Amino acid sequence: MTHDFAIRETAPRDLAQVLALYPQAFPDEELRPLVSALIEEQAGVLSLATFDGDALVAHVLFTMCGTAESDRDGALLGPLGVMPSHQRQGLGSSLVRAGLERLREDGVRQVFVLGDPAYYGRFGFVRERRVRTPYPVPKEWAEAWRSLALAAIPPISPGRLSLPEPWMNAALWGP
Ligand SMILES: CC(C)(COP(=O)(O)OP(=O)(O)OC[C@H]1O[C@@H](n2cnc3c(N)ncnc32)[C@H](O)[C@@H]1OP(=O)(O)O)[C@@H](O)C(=O)NCCC(=O)NCCS
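As the structure is a prediction and not an experimental result, all values here were calculated from the model.

## Some remarks on the pattern of salt bridges
Part 1 of the reasoning: Tallied over the full model, the rule gives eight salt bridges.
Part 2 of the reasoning: Here Arg102 makes a salt bridge to Glu9, at a shortest N to O gap of 2.8 Å. Here Arg102 is found in helix H3 (residues 91-105), whereas its partner Glu9 is found in strand E1 (residues 5-9), with 93 residues between them in sequence.
Part 3 of the reasoning: Looking at Arg102, the relative accessible area reads 29%, which means it is partly exposed.

Encoded structure:
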């Protein structure tokens with residue numbers, strides 16, 4: 001049987017399915033307050049999901065960000081989750097790639113992520129040293145702070161990343 005997967009931006013009617021995915025993908029982490037607060041922000045947040053028919057099976061958020069008022073052409077990737085039933089079938093990768101494509105079209109110059117170096121390395125994310133996380137991350141996570149340049153023009157200015165309120169919680173940046 002072939003599956004018909006579709007990627008699209010989420011709408012308010014999808015929120016319940018988005019929030020149902022996170023405890024399944026991350027059984028040891030409570031990400032729902034962050035995810036719902038970011039989705040409510042609307043402006044400056046890209047919320048994309050993969051659907052298997054009507055069922056939401058993967059979701060990713062990108063939050064627009066930057067280091068200075070005049071330099072806001074960055075985006076932070078995360079969280080990204082795939083339903084356990086649908087993991088390791090390429091859905092996470094295709095969702096990330098769709099998001100990056102969309103951000104490139106929107107003029108985003110650099111995308112940041114705090115995530116597994118092996119997983120994000122496959123999209124071309126490399127260790128980020130010029131732009132710092134909003135809160136210090138533990139030394140052993142240094143490899144996990146990565147970025148991907150989307151444009152030929154220079155990446156955003158060095159400095160500490162400035163993000164909307166839902167991300168300004170030290171617990172999200174440490175174990
Ligand atoms: C991590 C996750 C987003 C990957 O999405 P996915 O659709 O399952 O993965 P894809 O099919 O796109 O890619 C599969 C490849 O990624 C790698 N991979 C998958 N999960 C991985 C993980 N947790 N860590 C490192 N690499 C992983 C593997 O190399 C895999 O290739 P293989 O099947 O040939 O071994 C998904 O498995 C998930 O939601 N996991 C639980 C939540 C989580 O850990 N999220 C982390 C994102 S910040």
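Following the structure, the description resumes.
## Brief notes about the side chain of Thr50
Part 1 of the reasoning: In this structure, Thr50 sits in strand E2 (residues 45-52).
Part 2 of the reasoning: With near-sequence residues (within four places) excluded, Thr50 lies in contact with Phe5, Ala6, Ile7, Ala55, Leu56, Val57, Ala58, Leu91 and Leu95.

## Some details on the site of the ligand
Part 1 of the reasoning: Close to the ligand lie 16 residues; Val82, Arg88, Gly90, Gly92 and Ser93 are nearest.
Part 2 of the reasoning: Within the contact set of the ligand, an oxygen atom lies 2.6 Å away from a backbone nitrogen or oxygen of Gly90.
Part 3 of the reasoning: For the ligand, whose unbound accessible area comes to 850 Å², protein coverage reaches 67%.
Part 4 of the reasoning: Among the elements of the structure, strand E4 (74-82), H3 and helix H4 (117-121) are those that each provide at least two residues to the shell around the ligand.
Part 5 of the reasoning: A per-class count over the shell around the ligand returns seven nonpolar, six polar and three charged.

Each value, and the rule that gives it
Residues numbered from 1 in each chain as written. Predicted model: local features only at pLDDT ≥ 70, side-chain atom pairs only at ≥ 80, totals over all residues. Heavy atoms only, no water. Salt bridge = Lys/Arg side-chain N within 4 Å of Asp/Glu carboxyl O. Helix = DSSP H or I, 4+ residues; strand = E, 2+ residues; numbered from the N terminus. Buried < 20%, exposed > 50% of the residue type's maximum accessible area, 1.4 Å probe, protein only. Contact = heavy atoms within 4.5 Å. Near = heavy atom within 4 Å. Polar contact = N/O pair within 3.5 Å; in protein donor to acceptor, adjacent residues only side chain to side chain. Areas by Shrake-Rupley, 256 points an atom, 1.4 Å probe, with all protein chains shown as cover. Nonpolar A, V, L, I, M, F, W, Y, C, P; charged D, E, K, R; others polar.

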